[in-house]
Amino acid sequence: MEQRNSLMLLSGILLTTVTLIGCASTWKPHEEHAPRDIQWPDHTGKARIRHLRTITGFEETGTSASSLFRYIVFGSNGKNNLIRPVAAATGPDGRLAIADSGGRCVHLYVPSTGHYHRIYHAGSGDLQSPVSVVFDDALRLYVSDSARSSVEVFDEQGRHLFSITRAGERTLKRPTGLAYASGRNMLYVADALAHRIYAFDTAGNMLFSIGGRGVGSGAFNFPTHLYATPAGRLYVSDSLNFMVQVFDPSGVFLSSFGRHGDGSGDFAMPKGIAVDKDGIIYVVDSLFDNVQLFSEKGAFLFTLGEQGTGHGEFWLPSGISFDNHGLLTVCDSYNQRIQIFEIIQDHAHE
């Protein structure tokens, strides 16, 4: 009883201290760097991609009253590790969001202020399986939760605004990939179980849909990941059709590439997809543990990474994205980290 009373007294003192000094603390990513320069050449032998750093979580910088209170009372060391990061997105101001399906949360980090927030809750319930994230131009954060069958929307502080659970007359079944076309204020949502892609405005109203189950152009078999250019051209990882499909901003089919196989340029489980400023297409293949690069026309260029636990190696990678500086982020899911790469120079178009 005495020990409990002492702990309560100490807690009261520390809480008072936190109140007087302030609860604000700053954070930074916990980074690791390869001991040597790791580069990947294209088919001509020129270095095209370089590994920059690996992020395994976020940690507090310095010692604040709030971190001291947390350490003494709860034993927390001010570090939040990534458990199973599956998707990442960068906002217009450089903020970073990471969907962590293993932690059932989204890590939100703002480099300019050092603010870090772990988002667990969405409305009246908790996040269950966050699998994709994207920001709009107003810094609203969209999170697809495949287990809740919803897309949850948060403001720039990480406060829940509303949920998207319907697409017109249809109910969302298993929303997965998200993409935002900033030039058109349009949110794209892949519903893997419905085999459809839905387009919404930023208020959550459905504009149109693409697809339905099938193997032909414009039909899908469990689409999982999306990428949208600012003008609205949409790239879809059609995972169990083992291809990438491309659509114009209105959802009209333009082209496709890819096939099932185990050779260069083939797919076993295509997931994350992104496109750089030169039109080069980057496709994560989870089962190959790599990222394959393709020209605008879908011609195979070269491969980034291989299976492993070292820097520049992957274990069941998932999401992929570019930040505002053109740096490539790959969610190395089962290695519990994200890896950042630099595109050294423009690629030649084929």
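Refer to the structure presented above.
These notes cover the structure that comes with them. Note that the structure is a prediction, hence the values are computed from the model and not measured. (Residues numbered from 1 in each chain as written. Predicted model: local features only at pLDDT ≥ 70, side-chain atom pairs only at ≥ 80, totals over all residues. Heavy atoms only, no water.)

Ranked by internal contacts, the top residues of the largest apolar core, which has 20 residues, are I49, Y282, V291, L293, L304 and L328. Elements with a minimum of two residues in this core: β26 (281–285), β27 (290–294), β28 (300–304), β29 (320–322), β30 (328–332) and β31 (337–343). By residue number, the principal contributor to this core is β28, which donates 3 residues. (Core = buried A, V, L, I, M, F, W, Y, C linked by side-chain atoms within 4.5 Å. Buried < 20%, exposed > 50% of the residue type's maximum accessible area, 1.4 Å probe, protein only. Helix = DSSP H or I, 4+ residues; strand = E, 2+ residues; numbered from the N terminus.)

Before going further, it helps to examine the sheet that holds strand β24 (residues 253–257). Pairing between the strands of a sheet is mediated by backbone hydrogen bonds and can be parallel or antiparallel. Taken together, the 4 strands give an open sheet; going across it, the order is β21-β22-β23-β24, and neighbouring strands pair in antiparallel fashion. Each having just a single partner strand, β21 (223–228) and β24 make up the two edges of the open sheet. The average undirected angle you get between the axes of adjacent strands in this sheet is 20°. Strand direction decides the pairing type here: strand β22 (residues 234–238) and strand β23 (residues 243–247), joined by 5 bridges, are antiparallel. Bridge pairing links S237 to V244 in β23. (Pairing = 2+ DSSP bridges. Axes fitted to C-alpha atoms, helices over the stretch in contact; angles between N-to-C directions.)

On to the sheet that holds strand β17 (residues 175–181). Taken in spatial order, the 4 strands line up as β17-β18-β19-β20 in an open sheet, and their pairing is antiparallel. Taken across any chain shown, the strands that pair with only one partner, and hence form the sheet edges, are β17 and β20 (206–211). Shown here is a sheet whose adjacent strand axes are inclined to one another by a mean of 20°, direction ignored. Strand direction decides the pairing type here: β17 and strand β18 (residues 186–191), joined by 5 bridges, are antiparallel. For L178, the partnering residue across the bridge sits in β18 and is V189.

Empty space within the largest pocket amounts to approximately 950 Å³. Along the walls of the largest pocket sit 41 residues, with T90, Y180, Y227, A228 and F322 positioned nearest its centre. If you list the elements that add at least two residues to the lining of the largest pocket, you get β5 (85–90), β11 (130–135), β17, β21, β25 (270–275) and β29. Considering each element in turn, the lining of the largest pocket owes the most residues, 5 residues, to β17. When its residues are assigned to classes, the lining of the largest pocket shows 20 nonpolar, 14 polar and 7 charged. Of the volumes computed, that of the second largest pocket is approximately 460 Å³. Along the wall of the second largest pocket there are 22 residues; nearest its centre are V86, V131, H225, K271 and S318. Secondary-structure elements contributing two or more residues to the lining of the second largest pocket are β11, β17 and β21. (1 Å grid on protein atoms, 1.4 Å probe; cavity = no way out; pocket = protein on both sides within 12 Å on 5 of 7 lines; lining within 4 Å. Points joined across faces, edges and corners; volume = space filled by probe spheres on them. Nonpolar A, V, L, I, M, F, W, Y, C, P; charged D, E, K, R; others polar.)

The next subject is the packing of aromatic side chains. The geometry of two aromatic rings is summed up by the distance between their centres and the angle between their planes. Evaluated as defined, the whole model comprises 14 aromatic pairs. Relative to F253, the ring of F247 has its centre 5.9 Å away and its plane inclined at 75°; by these criteria the two rings are edge-to-face. Using a relative accessible area of 28% as the deciding quantity, one classes F253 as partly exposed. These aromatic residues form a ring-pair network of at least three members: W27, F58, Y109 and Y116. (Phe/Tyr/Trp six-rings, centres within 6.5 Å; stacked < 30°, edge-to-face > 60°.)

Time to look at the pairing of β11. Within a regular beta strand, the side chains point alternately toward one face of the sheet and then the other, so they alternate between its two faces. Among the 6 residues of β11, 5 are classified as buried, and the element is accordingly described as predominantly covered. Where β11 lies against strand β12 (residues 141–145), 5 bridges are found, and the strand directions are antiparallel. Residue pairing for β12: F135 is matched across the bridge by L141. Linkage of β11 to β12, two consecutive antiparallel strands, is achieved through a turn of 5 residues, within which L139 is found at a positive phi near 70°.

With that settled, the discussion passes to unusual backbone geometry. A positive phi angle, near 50°, is found at R104, a position not held by glycine. Mapped onto the fold, R104 is located in the loop between β6 (96–100) and β7 (105–110). Classification of R104 by relative accessible area gives partly exposed; the value is 47%. Residues other than glycine seldom take positive phi values, yet H195 does so here, at roughly 60°. Assignment of secondary structure puts H195 in the loop between β18 and β19 (196–200). With relative accessibility at 7%, the residue H195 sits in the buried group.

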